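# Observations on chain architecture
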Protein chains: 2
Amino acid sequence: MKVLRFEPADARFERSPGQDADIFAANLADQQQGGPVTVGYGRYGPNQVLKTNIVVDDVMVVLEERVSVEADGETLTAGPGEIIYMPKGNAVVLRSHAEGALTAYVTYPHWSEAE
Amino acid sequence: MKVLRFEPADARFERSPGQDADIFAANLADQQQGGPVTVGYGRYGPNQVLKTNIVVDDVMVVLEERVSVEADGETLTAGPGEIIYMPKGNAVVLRSHAEGALTAYVTYPHWSEAE
């Protein structure tokens, strides 16, 4: 498998299955390329809320604005250049703020096979 | 394993073993936490060059400035918010530019066990 380069302009954002918030994901590498990890970008509209169970190890790097993650009664907020690592098995509430957000993500294994 | 938040100020950068360029890595989650992926930050001094063999799937998200990766005679350059995915098995040359660079990385499996 070759070295690949991605940028947000490559992303074709789609609403994740099973949720109706304005939270969109765009895989740029996943099971189709044959590697072990999924790589992509996430886009959050303003003030969105998503309760979800984390079924794969999911690392989110915030690129623009902020995302908050509530888990076990604690809320962690990340801004540009900050990372939230959501290990498999956590129940989380993801929240964007008034400005929305742009993130990059890496999951192991492939989230779209696990959900 | 709990949800974790990281920022560059958490990073304790160390020169990667077996190289003497001003290129430093700081794992913030790795085999010690028990998850399948390593998460960390990379810092590149100005105009550094590192030839290396990629022994794990390695996803680099550029946070500040630019990094170029040469592989198979082709050079890919990424700036802030852009991603370079280096699958296992590639021989690459990493290069920073005059401004140095800051990156986030996710590897599967743990790079420090594989090297």
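Not measured: the values here are computed from a predicted model.

## A closer look at the overall build of chain A
On a plain count of helices and strands, chain A comes out with one helix and nine strands. Reading the secondary structure of chain A in the N-to-C direction produces β-β-β-β-β-β-β-β-β-α. Since a compact globule built from 115 residues should have a radius of gyration of about 13 Å, the 13 Å found for chain A is in line with a globular shape. Dimensions of chain A along its principal axes, counting C-alpha atoms only, are 40 × 30 × 25 Å. Counting only carbon and sulfur atoms, one obtains 43% of the accessible surface of chain A, whose full area is about 5200 Å². For chain A, the distance from the average position of its 9 positive side-chain charges to the average position of its 17 negative side-chain charges is 3 Å.

## Notes on the environment of H97(A)
Residue and element names in this part refer to chain A. Tracing the backbone through its elements, the reader meets H97 in strand β9 (residues 91-108). Residues H97 and G42, 55 residues apart in the sequence, show an inter-C-alpha distance of 14 Å. Leave out the neighbours within four places in its chain, and H97 touches G45, P46, N47, R66, V67, S68 and T77.

## A few points about the interface of chain A and chain B
Facing the 38 residues of chain A at the interface are 38 residues of chain B. Overall, the association of chain A and chain B removes approximately 3100 Å² of surface from exposure, summing both partners, and the carbon and sulfur fraction of that is 69%. Linking chain A with chain B are four salt bridges, by the criterion used here. Across the pair E82(A) and R5(B) runs a salt bridge whose closest N-O atoms are separated by 2.8 Å. If you look at where chain A meets chain B, you find 13 residue pairs in polar contact (both at pLDDT 80 or more). Elements with a minimum of two residues in the side of chain A that touches chain B: β1 (4-6), β4 (38-44), β6 (57-71), β7 (74-78), β8 (83-86) and β9 of chain A. No other element matches the six residues that β6(A) contributes to the side of chain A that touches chain B. Broken down by class, the residue content of the side of chain A that touches chain B amounts to 26 nonpolar, five polar and seven charged. Bridging between β8(A) and strand β1 (residues 4-6) of chain B involves three bridges; their strand directions are antiparallel. Bridge pairing in β1(B) links Y85(A) to L4(B).

## Some remarks on the packing of aromatic side chains
Counted according to the given criterion, the structure contains one aromatic pair over all chains. Look at Y108(A) and Y108(B): their rings are 3.8 Å apart centre to centre, the planes differ by 10°, and that puts the pair in the stacked class. In this pair, Y108(A) sits in strand β9 while Y108(B) sits in strand β9 (residues 91-108), so the two residues belong to two different chains.

## Looking at the pattern of salt bridges
For the structure on display, the rule yields ten salt bridges over all chains. The partner of R5(A) in a salt bridge is E7(A), and the shortest N-O contact between them spans 2.8 Å. Relative accessible area serves as the criterion here: at 23%, E7(A) is assigned to the partly exposed category. Linked by salt bridges that have partners in common, R5(A), E7(A) and E82(B) make up one network.

## Digging into the relation of the copies chain A and chain B
Mapping chain A onto chain B calls for a screw motion: a turn of 180° about the axis and a shift of 0.0 Å along it, with 0.0 Å RMSD after fitting. Both copies are brought into coincidence by an operation consistent with a two-fold rotation axis. Here 100% of the contact residues of chain A are again contact residues in chain B; the copies associate through an equivalent surface.

## Quick word on the pairing of β8(A)
Residues and elements named next belong to chain A. Residues I83 and Y85 point to one face of β8 and I84 and M86 to the other, with burial holding for every one of them. One ladder, built from four bridges, connects β6 with β8; its direction is antiparallel. Note that in β8 the partner of M60 across the bridge is I84.

## Quick look at unusual backbone geometry
Residues and elements named next belong to chain A. Residue P109 is bonded to the preceding Y108 through a cis peptide linkage, with omega at -10°. Tracing the backbone shows P109 in the loop between β9 and α1 (111-114). Positioned with a positive phi, N47 is a non-glycine residue whose angle comes to about 55°. When you line up the elements, N47 lands in the loop between β4 and β5 (49-53). Even without being a glycine, D72 presents a positive backbone phi close to 55°. As for its position among the elements, D72 is in the loop between β6 and β7.

Rules behind the numbers
Residues numbered from 1 in each chain as written. Chains lettered and ligands numbered in written order. Predicted model: local features only at pLDDT ≥ 70, side-chain atom pairs only at ≥ 80, totals over all residues. Heavy atoms only, no water. Helix = DSSP H or I, 4+ residues; strand = E, 2+ residues; numbered from the N terminus. Rg over C-alpha atoms; globule rule 2.2 N^0.38 Å. Areas by Shrake-Rupley, 256 points an atom, 1.4 Å probe, with all protein chains shown as cover. Lys, Arg positive; Asp, Glu negative; His and termini not counted. Charge placed at Lys NZ, Arg CZ, Asp CG, Glu CD. Contact = heavy atoms within 4.5 Å. Buried area = accessible area lost by both parts, 1.4 Å probe. Salt bridge = Lys/Arg side-chain N within 4 Å of Asp/Glu carboxyl O. Polar contact = N/O pair within 3.5 Å; in protein donor to acceptor, adjacent residues only side chain to side chain. Nonpolar A, V, L, I, M, F, W, Y, C, P; charged D, E, K, R; others polar. Pairing = 2+ DSSP bridges. Phe/Tyr/Trp six-rings, centres within 6.5 Å; stacked < 30°, edge-to-face > 60°. Buried < 20%, exposed > 50% of the residue type's maximum accessible area, 1.4 Å probe, protein only. Least-squares fit on C-alpha atoms with pLDDT ≥ 70 in both.

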